[in-house]
Amino acid sequence: MTETKAQKSERLKRALNPWEGLAEIRRFAREGFDSIPPEWIGTYFRWWGVYTQGDGAGVVGGQGGQGRALPFFMLRIRIPNGLLQSAQLRTIAKLTRLYARGAADLTVRQNIQLHWVTIEALPDVLEELWRVGLNTTGACGDVTRNITGCPVAGVDADEICDASPLALEADRMLAGNAEFYNLPRKFKISITGCRVWCPYPEINDVGLTAIQRVIHGKPEIGFALRVGGGLSTEPYLGAPLNAFVRWNQVLPVIKGIAELFRDSEPLREHRERARLKFLFLRHGWTPSDFHKDLERRIGFQLDPAEPEHAPADVYRDHVGIHPQKQSGYCYVGSAVLRGRITPEQMDAAADLADRFASGELRTTNMQNLLIVNVPRLRADELAQELGAIGLPVSGSPFFRGAIACSGSEFCKLAITETKTFSRWLVEELEERLPGFDQHLKLHVTGCPNSCGQHWIADIGIEGKKMKVNGQMMDAYYFCLGGAVGLHQSIARPVGYRCLATEVPEAIERLLRSYLALGDAGENLRHFFARHSDAELRDYLAGQTVDAVVRDLPEGRVPSSVEG
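None of the values given here were measured: they were computed from a predicted structure. (Residues numbered from 1 in each chain as written. Predicted model: local features only at pLDDT ≥ 70, side-chain atom pairs only at ≥ 80, totals over all residues. Heavy atoms only, no water.)

In this section: the sheet that holds strand β5 (residues 112-117). Taken in spatial order, the five strands of this open sheet run β1-β2-β5-β4-β12, and their pairing is antiparallel. Edge positions in the sheet fall to β1 (50-54) and β12 (340-341), since each of these pairs with one other strand and no more. Pairing analysis gives three bridges linking strand β4 (residues 104-106) to β5, with the strands arranged antiparallel. Note on β5: the bridge partner recorded for L106 is I112. Of the strands in this sheet, β2 (69-77), β4 and β5 touch helix α4 (residues 86-99), which is tilted by about 20 degrees from β5. (Pairing = 2+ DSSP bridges. Helix = DSSP H or I, 4+ residues; strand = E, 2+ residues; numbered from the N terminus. Contact = heavy atoms within 4.5 Å. Axes fitted to C-alpha atoms, helices over the stretch in contact; angles between N-to-C directions.)

Right under this line is the structure:
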């Protein structure tokens, strides 16, 4: 009988805890790329945040649902809660310059991802990171991924609480823990004390959002709990449980959910359906079922949920100059277009953090970089300096709202190139619509797996191919009206596809239709919501056109996606 992908994966995971294989990695470094066995290339390296890099052609250049791999690696650095020190950022800059050909990206899970790393350099890179308190453990693989949190935890003037200690403790509890090295698939957690839910709890397997209640006349801060969120090819927004999680219950609850996930044998039967959300999507579970199972595992009952106030915001990016709770101080958030950052920019940002503040920086889920604890009187000067190094503190809605996955430049599973395309797209839209001032999330993803999170964007475009004069060309399929928070919704595939070169014109037509036809005070989300797919498709095309099918692939869902 032929072994399925799921069976092979489970067999390999039972055979070895990859975190115990450091000696093997060092041997591969001595003996070269050709000494690495397939099980390390295809599976075990991911537990170390490492996976092979594509040849630039993406999925179409290979076979079996994957493109051809080069003898180079992408390496993802785990940054819990996005908390960085200037010395750590300088080390990442140094490694990017020495070993990654200057190519680094901020990801949608507050990580920093390097490219072009060789097996010979890998042990040195890991050791350099360890020296400054950073690591890559569990940044990929069937384990707990980087635990995200509000990047301005502890300084946000409007936060409910500073939840970063919980995020860091949960990271210590799970990352590298042999009890949790073999989960059915990746496991994503966000914990936030902010009011705008900037780590996107709605799309995490575990989403904890701070909430305050009054009990026996005294205020108490705890957390609301969502479970099973995730995007990829079958997006699902996390299911709220009827639970108020007290501060001292957070870690046991997270551990209990991790155990529930780990022990769920039905989720190990298909790699494509191995995420926690599929308990709800395919196995008939309800939030009440999940709640009861969780309480059995943790051994205590959770109090009933308190009413939540979901944020109505769009960006959740913390870009700009904002007051801190510490009197006289503020934080300064710069927009990093499509997440691409150079070692020179990292060095300069680290220097600015030391010169103007306390040397503390933050990475965000919108691929941006912040500096905290800046004296208010020096904030404008810092903003000018950040702008001078290409990290502006203000920008057009297109610049600020753009997100892009790795794309075919580096990813073996991508259909289209995304990073250079996204920069060009933003520049085109700024030129075409210079006065546009609506908050806009514009997400570019190079394939249906949604590493660019197009399902929760106002305008989300998904990479495709179209044949033109016998040649396959990059194209994009439009999904509109995605949102999280108060008006949460999965973006609607509206049936319009066009060549990548035609995308700016299509978006211009759509946004001009909104400007001309939108009601007074109506934002984009409401405009999209009250128009049919056919109407939106016609706005994009500039004429009446028939719907185009998305052409969902039947191939594998990747084990490693951005973030």
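F45, L75 and L114 are the most contacted members of the largest nonpolar core, which has 57 residues in total. The greatest single-element share of this core, amounting to six residues, is contributed by helix α10 (residues 343-356). Not counting residues within four places of it along the chain, the set of residues in contact with F45 comprises I25, F28, I36, W40, V50, F73, I119 and L122. Of all hydrophobic cores here, the second largest spans 40 residues; its members include L166, M173, V227 and L260. (Core = buried A, V, L, I, M, F, W, Y, C linked by side-chain atoms within 4.5 Å. Buried < 20%, exposed > 50% of the residue type's maximum accessible area, 1.4 Å probe, protein only.)

Turning our eyes to something else, we now look at the sheet that holds strand β13 (residues 360-363). With antiparallel pairing, five strands are arranged side by side in an open sheet as β3-β13-β14-β11-β10. Only two strands of the sheet have a single neighbouring strand rather than two, namely β3 (83-85) and β10 (320-323). Mean inter-strand twist for the sheet, computed between neighbouring axes without regard to direction, equals 30 degrees. Both β3 and β13 contribute to a ladder of three bridges, which runs antiparallel. The residue of β13 that forms the bridge with L84 is L361. Along the sheet face, α10 touches β13 and β14 (369-375) and points at about 15 degrees away from the line of β14.

Of all five residues making up β1, five are buried, and the element is well covered by its neighbours. Bridge count for β1 against β2 is four bridges, and the pairing is antiparallel. Along β2, the bridge assignment pairs T52 with F73.

So, on to the packing of helix α2 (residues 22-31) against helix α5 (residues 122-131). Packing of α2 against α5 brings their axes to within 8 Å, and their N-to-C directions diverge by 130 degrees. In terms of axis orientation, α2 runs oblique to α5. The segment α2 lies against α5, with L22, I25, R26 and A29 engaging L122, P123, E127 and W130. Per-class residue counts for the contact of α2 with α5 are six nonpolar, no polar and two charged. (Parallel < 35°, antiparallel > 145°, perpendicular 65-115°, else oblique. Nonpolar A, V, L, I, M, F, W, Y, C, P; charged D, E, K, R; others polar.)

A few words now on the packing of helix α14 (residues 503-517) against helix α16 (residues 533-541). Running from amino to carboxyl end, α14 crosses α16 at an angle of 120 degrees, the nearest separation of the two axes being 6 Å. Classified by the angle their axes make, α14 and α16 are oblique. The segment α14 lies against α16, with A506, R509, L510, S513 and L517 engaging L536, Y539, L540 and A541.

We now examine the pattern of salt bridges. Going through the model one piece at a time under the given rule, you end up with 49 salt bridges. Between R432 and E508 there is a salt bridge, with the nearest N and O atoms lying 2.6 Å from each other. Note that R432 is positioned in helix α13 (residues 419-432) and E508 in helix α14, a separation of 76 residues in sequence. Taking relative accessible area as the criterion, E508 reaches 15% and is therefore assigned buried. Here the salt bridges share partners, and the residues they tie into one network are E10, K13, D142, R268 and R271. (Salt bridge = Lys/Arg side-chain N within 4 Å of Asp/Glu carboxyl O.)

So, on to the packing of aromatic side chains. Evaluation of the coordinates by the stated rule reveals 21 aromatic pairs. Summarising the aromatic geometry, the rings of F28 and W40 are spaced 5.5 Å apart at their centres and angled 75 degrees between planes, so their arrangement reads as edge-to-face. Here F28, found in helix α2, pairs with W40, found in helix α3 (residues 38-42); they are twelve residues apart in sequence, far enough to count as distant. Of the two residues, F28 and W40, neither departs from the other in class, the shared state being buried. Centroid distance W40 to Y44: 5.5 Å. Interplanar angle 75 degrees. Geometry classified as edge-to-face. (Phe/Tyr/Trp six-rings, centres within 6.5 Å; stacked < 30°, edge-to-face > 60°.)

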